[in-house]
Amino acid sequence: MWVNKVREKWKRRRYIPIIQDAGEKNARPFGKKDSEDTKAQEKPDAVVCKKCGATLLKPEAVANKYVCSKCGYHFRVRTKNRIKMTADAGTFEPWFEDVGQTDPLEFPGYAEKLSEVQEKTKLKDSVTVGYAKIGGEPAVIGICDARFLMGSMGHATGEKITLAVERATKMRLPVILFCCSGGARMQEGIISLMQMSKTSAALKQHSDAGLLYVSVLTDPTTGGVTASFAMLGDIILAEPGALIGFAGQRVIEQTIGEKLPEGFQRAEFQLEHGFLDAVVERKDLKQTLVQILKTHRKQEADSLKMLDEAVRPDERSLEHMSKAKERNAWEIVKAARQVSRPSTMDYIRTIFDDFMELHGDRLSGDDSAVIGGIAYLDGMPVTVIGVQKGKTVEECKTCNFGMPSPEGYRKALRLMKQAEKFHRPVITFVNTPGAYCGVKAEEEGQGEAIARNLYEMSALKIPVICIMAGEGGSGGALALAAGNQVWMMEHAVYSVLSPEGFASILWKDGSRAEEAAGVMKMTAQDLYKLGVADEIIPEYGDADEVTVGSISMYMKKLLLEYLSKQHGKSGEDFVRERYERFRKF
């Protein structure tokens, strides 16, 4: 094949170019100086992966979006290639190309360096901004390019981003910024630092206007860019393996005198520590952005209008429930604890469409016990959040047996506040024995996290529907259940404490748990009579993989019916109704 022939030609010449910026013509071969490589600079035919050392022919690299086909390493890409991979063909319109560079410190040689880099890269500055369509969706985009002084942020960079965000705010358009930077531009000193505040302030005004901002972090995103516009996205994505951090690894190691662990500050590290919503491979990036843009498309009419024709729940389901075999409270507690009960993800898959999971609390971690994201309910965008218990031993361990930690509650609150900004209803699924009570949870402020959720949920200007899908254990459950509506599965329970804990505290005898369950009034039927539960959802026998479809159909009809009735209400109406609901107890 011709590919093999070209590969053999390069081997015979013993020439292997290393491309620091994929597709860059000015590549330097290992062991040669720039002056020795004029011909190679003009026409590179192969690239070498910095991670695994594999030699890739240029056509292979281009076809694979500048990702190593052997190990998945994502090469840095130049501006024009990023535009090709992101914007619909022929739709990109550059803005503010006339913004000039400044030299506030009159730094020696800086003006000459700028001219040299501009000539070499054919770029005016380290960022290019403009209007484009992505999958038919209009957006303002910005692309940082590492070839221009390592993508550093000077006055012109901050000015172009600020102008683009201001124009996006006036045009009511979403903003997508592809971040790649070594940080502040040293040659511009304090003026470079001021760009951090300037860009952040512009994004705050854009956010206050109810508009979407997505930041995409590429390799590297560091320093003042990380500490400003890069980490302020409503949704933050990153490419695999991207270096993301404030201080450089060398600086950290020299400061603390320790060797940093493998993978430190990489995208996967940041995801695990709660600072990213997702790590997305380049081949999937455009489609992911399209999905996000469509979900956040500004509706001319209230989205609740879409549900005017909602179907009422099947009355036969209520008949079935009334005729179901009666169980005592302890039997219901045991049914609620069954590992076979459908999980939050089971309900998400059967009730909603196009669910996109979002990760992290933007503070310390990403709790696997709490899952959340954006989905569609019969075409209407909603935010779905729930406790995930797990069904196998490994899943249960990963999800901490459905006991959320502070970062789980903070992630849930972050997603609720995001839903409020974009006027999406919130639907929660609760199935937890209670909040995790370990040492680490206390160190991270478990009580504060629960209290903060109750405080902030009380003022959400959107409808919040909470479904008790199994166990509802104490404040750990309430932190996800302070809604306008609280619905309970037929065999769910909700109580101040577990029956075992209740018996131990009041009677000093945990063995009286069965007796305690009977007096605690913790079943759906008891709580419906007390007004704590607004609806009871039938289980058609027992909630499991056989009945989950029927249960989900009933839930979906109930959700559609309730939300269709909310059309025309103001945010203040939802706040008042929620306040009055809890005020009566």
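Everything numeric in this text was worked out from a predicted model, so none of it was measured. (Residues numbered from 1 in each chain as written. Predicted model: local features only at pLDDT ≥ 70, side-chain atom pairs only at ≥ 80, totals over all residues. Heavy atoms only, no water.)

Let's shift gears to the packing of helix 16 (residues 406-421) against helix 18 (residues 446-457). Contact geometry of helix 16 with helix 18 gives a least axis separation of 8 Å together with a crossing angle of 20 degrees. Between helix 16 and helix 18, the interaxial angle falls into the category roughly parallel. Our pair here, helix 16 against helix 18, has a crossing hand that is left-handed. Along the contact surface, helix 16 presents Pro406, Tyr409, Arg410, Ala412, Leu413, Met416 and Lys417, while helix 18 presents Gln446, Glu448, Ala449, Ile450, Arg452, Asn453, Glu456 and Met457. (Axes fitted to C-alpha atoms, helices over the stretch in contact; angles between N-to-C directions. Helix = DSSP H or I, 4+ residues; strand = E, 2+ residues; numbered from the N terminus. Parallel < 35°, antiparallel > 145°, perpendicular 65-115°, else oblique. Left-handed = near helix turned anticlockwise from the far one by under 90°. Contact = heavy atoms within 4.5 Å.)

Core analysis: the biggest nonpolar cluster contains 86 residues, and Ile176 and Phe352 have the highest contact counts within it. Once you skip the residues sitting within four places of it in the chain, isoleucine 176 turns out to touch Ile134, Ala139, Val140, Ile141, Gly142, Val214, Val216, Leu289 and Leu293. Residues Val99, Ala146, Ile161 and Val175 belong to the second largest nonpolar core, which totals 34 residues. (Core = buried A, V, L, I, M, F, W, Y, C linked by side-chain atoms within 4.5 Å. Buried < 20%, exposed > 50% of the residue type's maximum accessible area, 1.4 Å probe, protein only.)

As a further point, take the environment of lysine 122. Looking at where lysine 122 falls in the secondary structure, it is placed in the loop between helix 5 (110-121) and strand 8 (127-134). Residue lysine 122 is classed as exposed on the basis of its relative accessible area of 64%. Spatially, the C-alpha atom of lysine 122 lies 9.5 Å from that of phenylalanine 148, the residues being 26 residues apart in sequence.

We now examine empty space enclosed by the protein. Scanning the entire structure with this criterion turns up 4 cavities of 30 Å³ or more. In this structure, the largest cavity encloses a volume near 130 Å³. Taken together, 18 residues form the lining of the largest cavity, with Arg76, Val77, Arg82, Thr218 and Asp219 sitting closest to its centre. Among the secondary structure elements, those contributing two or more residues to the lining of the largest cavity are strand 6 (76-77), strand 9 (137-144), strand 10 (175-181) and strand 11 (213-222). Partitioning the lining of the largest cavity into residue classes produces 9 nonpolar, 2 polar and 7 charged. (1 Å grid on protein atoms, 1.4 Å probe; cavity = no way out; pocket = protein on both sides within 12 Å on 5 of 7 lines; lining within 4 Å. Points joined across faces, edges and corners; volume = space filled by probe spheres on them. Nonpolar A, V, L, I, M, F, W, Y, C, P; charged D, E, K, R; others polar.)

A few words now on the pairing of strand 12 (residues 235-238). Of the two faces of strand 12, the one carrying Ile235 and Leu237 and the one carrying Ile236 and Ala238 are both buried. Pairing geometry for strand 11 and strand 12, over 4 bridges, is parallel. Bridge pairing links serine 215 to isoleucine 236 in strand 12. Where strand 12 and strand 14 (residues 278-279) come together, 2 bridges link them in parallel fashion. Bridging across to strand 14, leucine 237 finds its partner in alanine 278. (Pairing = 2+ DSSP bridges.)

Turning our attention to the side chain of aspartate 88. With respect to the element layout, aspartate 88 can be found in the loop between helix 4 (79-86) and strand 7 (93-95). A distance of 2.8 Å separates a polar side-chain atom of aspartate 88 from the backbone nitrogen of glycine 136. For aspartate 88, the side chain forms a polar contact with the side chain of lysine 286, separated by 3.1 Å. The contact partners of aspartate 88, leaving out residues within four places of it in the chain, are Lys133, Ile134, Gly135, Gly136 and Lys286. (Polar contact = N/O pair within 3.5 Å; in protein donor to acceptor, adjacent residues only side chain to side chain.)

Moving on to the packing of aromatic side chains. Across all of its chains, the model carries 7 aromatic pairs by this definition. When the centroid spacing of 6.3 Å and the interplanar angle of 90 degrees are considered together, the rings of tryptophan 487 and tyrosine 562 count as edge-to-face. Taken as a pair, tryptophan 487 in strand 20 (residues 485-489) and tyrosine 562 in helix 23 (residues 548-564) lie far apart in primary sequence, 75 residues in all. Neither residue differs from the other here; tryptophan 487 and tyrosine 562 are each classed as buried. Ring geometry for phenylalanine 582 against phenylalanine 585: centres 6.3 Å apart, planes inclined by 65 degrees, an arrangement best described as edge-to-face. Accessibility expressed as a relative area gives 31% for phenylalanine 582, which makes it partly exposed. The ring of tryptophan 95 is capped by arginine 167, whose NZ or CZ atom sits 4.6 Å from the centre of that ring. Here the basic side chain of arginine 512 rests over the ring of tryptophan 507, its NZ or CZ set 4.2 Å away from the ring centre. (Phe/Tyr/Trp six-rings, centres within 6.5 Å; stacked < 30°, edge-to-face > 60°. Lys NZ or Arg CZ within 6 Å of the ring centre and 35° of its normal.)

Running from N to C, helix 6 (residues 155-171) and helix 7 (residues 189-208) cross one another at 10 degrees; their axes reach a closest spacing of 9 Å. Comparing their axes, helix 7 and helix 6 come out roughly parallel. Of the residues in helix 7, those touching helix 6 at His155, Gly158, Glu159, Ile161, Thr162, Val165, Ala168 and Thr169 are Ile191, Gln195, Lys198, Thr199, Ala202, Leu203, Gln205 and His206. A per-class count over the contact of helix 6 with helix 7 returns 6 nonpolar, 8 polar and 2 charged.

On the surface, Ile190, Leu193 and Met194 cluster together to form a nonpolar patch covering roughly 280 Å² of accessible area. Mapped onto the elements of the fold, leucine 193 is located in helix 7. (Patch = residues over 30% accessible without salt bridge, like charges linked within 9 Å, V, L, I, M, F, W, Y side chains within 5 Å. Areas by Shrake-Rupley, 256 points an atom, 1.4 Å probe, with all protein chains shown as cover. Salt bridge = Lys/Arg side-chain N within 4 Å of Asp/Glu carboxyl O.)

Looking now at helix 13 (residues 329-336). Buried residues dominate helix 13, accounting for 6 of its 8 residues. Every buried residue of helix 13 is listed here: Ala329, Trp330, Ile332, Val333, Ala335 and Ala336. Lining the buried residues of helix 13 we find strand 18 (426-432), strand 19 (464-473), strand 21 (493-495), helix 20 (499-507), helix 21 (513-519) and helix 22 (524-530). Looking at where helix 13 begins, the residue whose side-chain oxygen comes 3.1 Å from the main-chain nitrogen of tryptophan 330 is asparagine 328.

Before going further, it helps to examine the environment of lysine 521. Here lysine 521 shows up in the loop between helix 21 and helix 22. For the pair lysine 521 and valine 493, spaced 28 residues apart in sequence, the C-alpha separation works out to 9.0 Å.

The next point concerns the confidence of the model for the protein chain. Residues at a pLDDT of 70 or more form 88% of the protein chain, whose mean pLDDT is 88. Segment residues 1-43: pLDDT under 50, and 68 contacts once partners within four positions in sequence are set aside and those in other chains are kept. Across residues 307-324 the pLDDT falls below 50, and counting only partners more than four positions away or on other chains, this stretch makes 31 contacts in the model. (pLDDT = per-residue confidence, 0-100.)

This brings us to the pattern of salt bridges. Taken as a whole and judged by the stated rule, the model has 39 salt bridges. For the salt bridge of glutamate 448 with arginine 410, the shortest nitrogen-to-oxygen distance reads 3.1 Å. With glutamate 448 in helix 18 and arginine 410 in helix 16, the pair connects residues that are 38 residues apart, well separated along the chain. Look at arginine 410 and you get buried, because its relative accessible area is 18%. Residues joined in a network through salt bridges with shared partners are Arg337, Lys389, Glu471 and Glu500.

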